[in-house]
Amino acid sequence: MTRFAICALFALAGCAADQVVAPPAADVSLLRTPTANLGSQADVVAQDLAGDWTVRQAALGTWPNGQTAVSFAANGQDLILVTQGVVCASADLCEAETVQVPYVQTLAGRFRAQDAVPAAQPSEIWVYWMDFDDRTMAIGNPNGGFVAILDRAATGGADRITAARDILDWYGYDLSKLRRVEP
């Protein structure tokens, strides 16, 4: 085998390895084209997400499951999703409880659940885009299991909502699946 043939063989092997795409989850085709570009915003850290957010748009049937508000807390560089849930000690004894789901930062703008997540909670949260004043963000996860646009306010910021939608479109999300969430 010539040196050229060996180099060509290694080059092809390298290309094949770069193009391997893990099979998408069953829901991906409904929300996102799995071959589209995808990335998180490099300057976003947990502290930027801390606080209360209004769900402005989301895909029906996925997290945040019709919730109109979402809260996050920062724990150093890691993130905590704070939700309200119902815990039942028995069939007739249930009470509301705050549930905190910890996520570790894997890269800037990317957070992965530290442990198993409760039903319907995302195992990963990626911030695809956040405006420079931390008022609006587009989030989802790499397998396309959920997508949402969150804002600090329930109204206004139409230009930021449009920018968030543009980013989601670039990342291969089917924008027709996003629905406005009414408080």
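Residue numbers restart at each chain and count upward from 1, following the sequence in its written direction. Local features in a predicted model are, by the rule used here, given only for residues with pLDDT of at least 70; side-chain atom pairs are given and counted only at 80 or more, and totals for whole chains, interfaces and linings are based on all residues. Calculation of side-chain values draws on the structure's entire complement of heavy atoms; hydrogens and water are dropped beforehand.

1. Some details on the overall build of the protein
And then number 1: Of the regular secondary structure elements, the protein holds 4 helices and 9 strands.
And then number 2: Along the chain direction, N to C, the helices and strands of the protein fall in the order α-α-α-β-β-β-β-β-β-β-β-α-β.
And then number 3: Note on contacts: a residue pair qualifies if any of its non-hydrogen atoms lie within 4.5 Å across the two residues. In the protein, once contacts between residues fewer than 6 apart in sequence are set aside, the share between residues at least 24 apart is 52%.
And then number 4: Just so you have it, the protein exposes about 10,300 Å², and 56% of that area is on carbon and sulfur atoms. Only DSSP runs of H or I with at least four residues qualify as helices, and only runs of E with at least two residues qualify as strands; both kinds are numbered from the N terminus onward. Reported accessibility uses the Shrake-Rupley method at a 1.4 Å probe radius. Residues are deemed covered only where the shown protein chains occlude them.

2. Observations regarding the pattern of salt bridges
And then number 1: The salt bridge definition used is simple: a Lys or Arg side-chain nitrogen within 4 Å of an Asp or Glu carboxyl oxygen. Scanning the entire structure with this criterion turns up 6 salt bridges.
And then number 2: A salt bridge links R112 to E124, with the nearest nitrogen and oxygen atoms 3.5 Å apart. Of the two residues, R112 sits in strand β5 (residues 110-113) while E124 sits in strand β6 (residues 124-130), which places them 12 residues apart along the sequence.
And then number 3: Look at R112 and you get partly exposed, because its relative accessible area is 41%.
And then number 4: Burial classification: accessible surface area is computed with a 1.4 Å probe over protein chains only, and a residue below 20% of its type maximum counts as buried, one above 50% as exposed, and the rest as partly exposed. The class for E124 is buried, based on a relative accessible area of 17%.
And then number 5: For the salt bridge of D131 with R135, the shortest nitrogen-to-oxygen distance reads 2.9 Å.
And then number 6: On the basis of relative accessible area, D131 is assigned to the buried category, the value being 6%.
And then number 7: Since its relative accessible area comes to 30%, R135 is described here as partly exposed.
And then number 8: The network of salt bridges with common partners includes R56, D151 and R160.

3. Description of the packing of aromatic side chains
And then number 1: In summary, the pairing rule links any two rings of Phe, Tyr or Trp, Trp by its six-membered ring, whose centres are within 6.5 Å, and it sorts them by plane angle into stacked for under 30 degrees, edge-to-face for over 60 and tilted for everything else. The tally for this structure, following the rule as stated, stands at 3 aromatic pairs.
And then number 2: Look at W63 and F146: their rings are 5.0 Å apart centre to centre, the planes differ by 85 degrees, and that puts the pair in the edge-to-face class. Here W63, found in the loop between β1 (51-59) and β2 (69-75), pairs with F146, found in the loop between β7 (136-140) and β8 (147-151); they are 83 residues apart in sequence, far enough to count as distant.
And then number 3: Among the residues examined, F146 registers a relative accessible area of 2% and is labelled buried.

4. Focus: the confidence of the model for the protein
When pLDDT drops low, the exact placement of atoms in the prediction is not to be read closely.
And then number 1: Scored from 0 to 100, pLDDT records how confident the predictor is in each individual residue. Per-residue confidence for the protein averages 83 on the pLDDT scale, and 83% of its residues sit at or above 70.
And then number 2: Contacts of residues 1-28 to residues separated by more than four positions or lying in other chains number 6 contacts, the stretch itself having pLDDT below 50.

5. Observations regarding unusual backbone geometry
What is expected of a backbone is that most residues other than glycine have negative phi and most peptide bonds are trans.
And then number 1: The amide bond that connects W63 to the next residue, P64, takes the cis arrangement and shows omega of 10 degrees.
And then number 2: Even without being a glycine, N65 presents a positive backbone phi close to 50 degrees.
And then number 3: Structurally, the position occupied by N65 is in the loop between β1 and β2.
And then number 4: Residue classification places N65 among the partly exposed residues on the basis of a relative accessible area of 42%.
And then number 5: Positive phi, close to 55 degrees, is recorded for D134, a residue that is not glycine.
And then number 6: Looking at where D134 falls in the secondary structure, it is placed in the loop between β6 and β7.

6. Quick notes on the pairing of β6
And then number 1: Across the 7 residues of β6, 7 count as buried, placing the element largely inside the fold.
And then number 2: Pairing between two strands is assigned when DSSP locates at least 2 bridges connecting them. Across 3 bridges, the pairing between β5 and β6 is antiparallel. The residue bridging R112 from the neighbouring strand is E124, located in β6.
And then number 3: As paired strands, β6 and β7 are joined by 4 bridges and run antiparallel to one another.

7. Some points on the environment of R160
And then number 1: Looking at the element boundaries, R160 is found in helix α4 (residues 158-170).
And then number 2: Owing to a relative accessible area of 12%, R160 belongs among the buried residues under this scheme.
And then number 3: Remark: the alpha-carbon pair of R160 and R135, spanning 25 residues in sequence, is separated by 8.5 Å.
And then number 4: When residues no more than four places from it in sequence are discounted, the contact partners of R160 are W129, D131, R135, T136 and D151.
And then number 5: In terms of polar contacts, R160 uses its side chain to reach the side chain of T136, at 2.6 Å.
And then number 6: We call two N or O atoms a polar contact when they sit within 3.5 Å, provided that within protein one can donate a hydrogen and the other can accept it, with sequence-adjacent residues counted only if both atoms are side-chain atoms. Polar side-chain contacts of R160 include one of 3.2 Å to the side chain of D151.

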